[in-house]
Amino acid sequence: MKFSSHLYFRTDGTLGHYPVISVDNNGVIIAIDESDRKAETAHTRFFTGVIIPEVDITKISWGSRDVFCASLRQLVDAEHEIAIGKRPGLLLLNGFDLNEFCIDNIHNRLIVNKLV
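Residues numbered from 1 in each chain as written. Predicted model: local features only at pLDDT ≥ 70, side-chain atom pairs only at ≥ 80, totals over all residues. Heavy atoms only, no water.

(A) Broad picture of the state of the cysteines. For the structure shown, the criterion picks out zero disulfides. For the unlinked cysteine Cys69, the closest cysteine sulfur is that of Cys102, found at 14 Å. (Disulfide = S-S within 2.5 Å.)

(B) Examining the environment of Val20 more closely. Residue placement: Val20 occurs in strand S3 (residues 19-23). A relative accessible area of 12% means that Val20 is categorised as buried. In sequence terms Val20 and Thr41 are 21 residues apart; their C-alpha atoms lie 8.2 Å from each other. Residue contacts for Val20: discarding those within four places in its chain leaves Lys2, Phe3, Ser4, Ala31, Ile32, Asp33, Thr41 and Thr44. (Helix = DSSP H or I, 4+ residues; strand = E, 2+ residues; numbered from the N terminus. Buried < 20%, exposed > 50% of the residue type's maximum accessible area, 1.4 Å probe, protein only. Contact = heavy atoms within 4.5 Å.)

(C) Quick look at the nonpolar core. If you look at the biggest cluster of nonpolar residues, it comprises 16 residues, and the most contacted ones within it are Ile52 and Phe68. Secondary structure elements with two or more residues in this core: strand S1 (2-9), strand S5 (44-53), helix H1 (65-75) and strand S6 (90-94). With three residues, the top contributor of residues to this core is H1. With sequence-adjacent residues up to four places away left out, Ile52 is seen in contact with Phe9, Ile57, Ile60, Phe68, Leu72, Ile82, Gly89, Leu90, Leu91 and Leu93. Within the second largest apolar cluster, 12 residues are counted, among which are Ile29, Ile51, Leu90 and Val112. (Core = buried A, V, L, I, M, F, W, Y, C linked by side-chain atoms within 4.5 Å.)

Written out as structure tokens, the structure reads:
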């Protein structure tokens, strides 16, 4: 399966734009393609928001993009980052302003489970 969104959390602790994250039937990431712009890709499910590794979102700090990234970086270890060969589980966060990263009305949805 392939998943995409406006943003995703990179291994370097920053946010990448318009990823296409491909996973196998076991939820292992087999490819990550990043683009500067949104383009349609066959057989890809696009979601509004940010794809992050499956973590406890109650521990994420909000208020700006930098604060969000810094707090998420503290929660994600090397085993659970979004990288090829990893199986972190993928969580979608949406329902908030992607420019301001304020926690007005956040929603989360598990799109790939890290558990079998």
